[in-house]
Amino acid sequence: MAAKLILSMDGAVLKEYPLNKERMTIGRKPHNDIAIDNLAVSGEHAAIVTILNDSFLEDLDSTNGLEVNGTPSKKHFLQNNDVIGIGKYKLKYINDQVTQSSAADFEKTMVLRSPVKQAAPGVSKPAEAAGFTQTQTNVNKQAAAETAADKTGKIEAIKPATPAASAQVAVVQVLTGSNAGKELELVKNLTTLGKPGVQVAVLTRRPHGFFITHVEGANHPTVNGTPLSDQPHQLNDHDVIELAGVKMEFYYKG
């Protein structure tokens, strides 16, 4: 079930909006996906970007701003039951895909959730000194199902195409802190790095490489010492990312 927003005012529910598009806008003008006809709402007030099961809220330089759970915010990594405030209106974020264990992971300072076959003693142990959280979302299994259902019999032709999105195995290795030396293979389409409410960035795998995007926090992460902009930044082999005081190296194996 897709995540959704429930629009209400003064406690009365007005409408529900499923987050069924990668990018949805909120604003006063009728072309918005979520149109709120009120002068306190800017023409295009905010946007919500949804990647797999994760959604990110961004203020589009609105006049009156917005709040998340009562706190003014420009960018926010949404979690189940978060309440977005725009003027007198409230938008409650509901995501049934978020489990309690996932939410608990975000409360820890660092969690490395690698595939079971790579698990090693101490790898998943949270490290208080690391200062950031890392989780990965599940990847849609549709591609695997389509491959299994392929009736052409051209197995050799299919094999090279399966890992095409990541021709090489990409890895993030922690360089500083008590977890220095630990590494995580980026086997998922989306990896979230950071601590909600402090600093969050996402690594996304696209057909032509990996990109890092700043999604929450006053300070932007840096790549090779240069702060990121608000736009996705393509990562190159051996780039050094610094996030919440922790340095990590992105590189390709083999």
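Calculation rules
Residues numbered from 1 in each chain as written. Predicted model: local features only at pLDDT ≥ 70, side-chain atom pairs only at ≥ 80, totals over all residues. Heavy atoms only, no water. Helix = DSSP H or I, 4+ residues; strand = E, 2+ residues; numbered from the N terminus. Buried < 20%, exposed > 50% of the residue type's maximum accessible area, 1.4 Å probe, protein only. Contact = heavy atoms within 4.5 Å. Areas by Shrake-Rupley, 256 points an atom, 1.4 Å probe, with all protein chains shown as cover. Pairing = 2+ DSSP bridges. pLDDT = per-residue confidence, 0-100. Salt bridge = Lys/Arg side-chain N within 4 Å of Asp/Glu carboxyl O.

1. A few points about the overall build of the chain
Right, so step 1: Across its full length, the chain carries three helices and 22 strands.
Right, so step 2: Here the chain holds 254 residues, and the buried ones make up 42% of them.
Right, so step 3: Taking as baseline every contact in the chain between residues at least 6 positions apart, the subset at least 24 positions apart corresponds to 41%.
Right, so step 4: In the structure as shown, the chain presents an accessible area of about 13400 Å², 52% of it carried by carbon and sulfur atoms.

2. Focus: unusual backbone geometry
Phi is mostly negative for residues that are not glycine, and the peptide bonds are mostly trans.
Right, so step 1: In the Ramachandran plot, Asn-81 falls in the positive-phi region, its phi being about 75° despite a non-glycine side chain.
Right, so step 2: With respect to the element layout, Asn-81 can be found in the loop between β9 (75-77) and β10 (83-86).
Right, so step 3: Positive phi, normally seen in glycine, also occurs at His-238, with a value near 70°.
Right, so step 4: Tracing the sequence through the fold places His-238 in the loop between β20 (233-234) and β21 (239-243).

3. Thoughts on the environment of Ala-3
Right, so step 1: Mapped onto the fold, Ala-3 is located in the segment before β1 (4-9).
Right, so step 2: C-alpha of Ala-3 to C-alpha of Asn-95: the two residues are 92 residues apart in sequence and 4.3 Å apart in space.
Right, so step 3: Here Ala-3 is in contact with Tyr-17, Pro-18, Leu-19, Tyr-93, Ile-94 and Asn-95, once residues within four sequence places are set aside.

4. What to know about the sheet that holds strand β2 (residues 12-18)
The strands making up a sheet associate through backbone hydrogen bonding, with each pair oriented either parallel or antiparallel.
Right, so step 1: In space, the six strands of this open sheet follow the order β2-β1-β11-β10-β7-β8, with antiparallel pairing throughout. Only two strands of the sheet have a single partner each, and these edge strands are β2 and β8 (71-72).
Right, so step 2: Pairing of β10 with strand β11 (residues 89-94), which is carried by four bridges, proceeds in the antiparallel orientation. Paired with Ile-84 across the bridge in β11 is Leu-91.

5. Notes on the confidence of the model for the chain
Right, so step 1: For the chain, mean pLDDT is 74; residues scoring 70 or higher make up 71% of the total.
Right, so step 2: The least confident element of the chain, judged by mean pLDDT, is helix α3 (residues 155-161) at 32; the most confident is β10 at 96.
Right, so step 3: Predicted confidence for residues 99-166 stays below pLDDT 50, and this span has 92 contacts to residues more than four positions away or in other chains.

6. Overview of the pattern of salt bridges
For side chains of opposite charge, pairing can occur when their charged atoms come near one another.
Right, so step 1: Overall, the coordinates contain six salt bridges when judged by the stated rule.
Right, so step 2: Beyond isolated ion pairs, a larger network of salt bridges with shared partners links Glu-183, Glu-185 and Lys-253.

7. Here we look at the pairing of strand β13 (residues 169-174)
Right, so step 1: Bridge analysis of β13 against strand β22 (residues 246-253) gives six bridges, and the strand direction is antiparallel. Within β22, the position partnered with Val-174 by the bridge is Met-248.
Right, so step 2: Of the pairings in the sheet, the one linking β13 to strand β14 (residues 183-185) comprises three bridges and is antiparallel in character. Paired with Gln-173 across the two strands is Glu-183, which belongs to β14.

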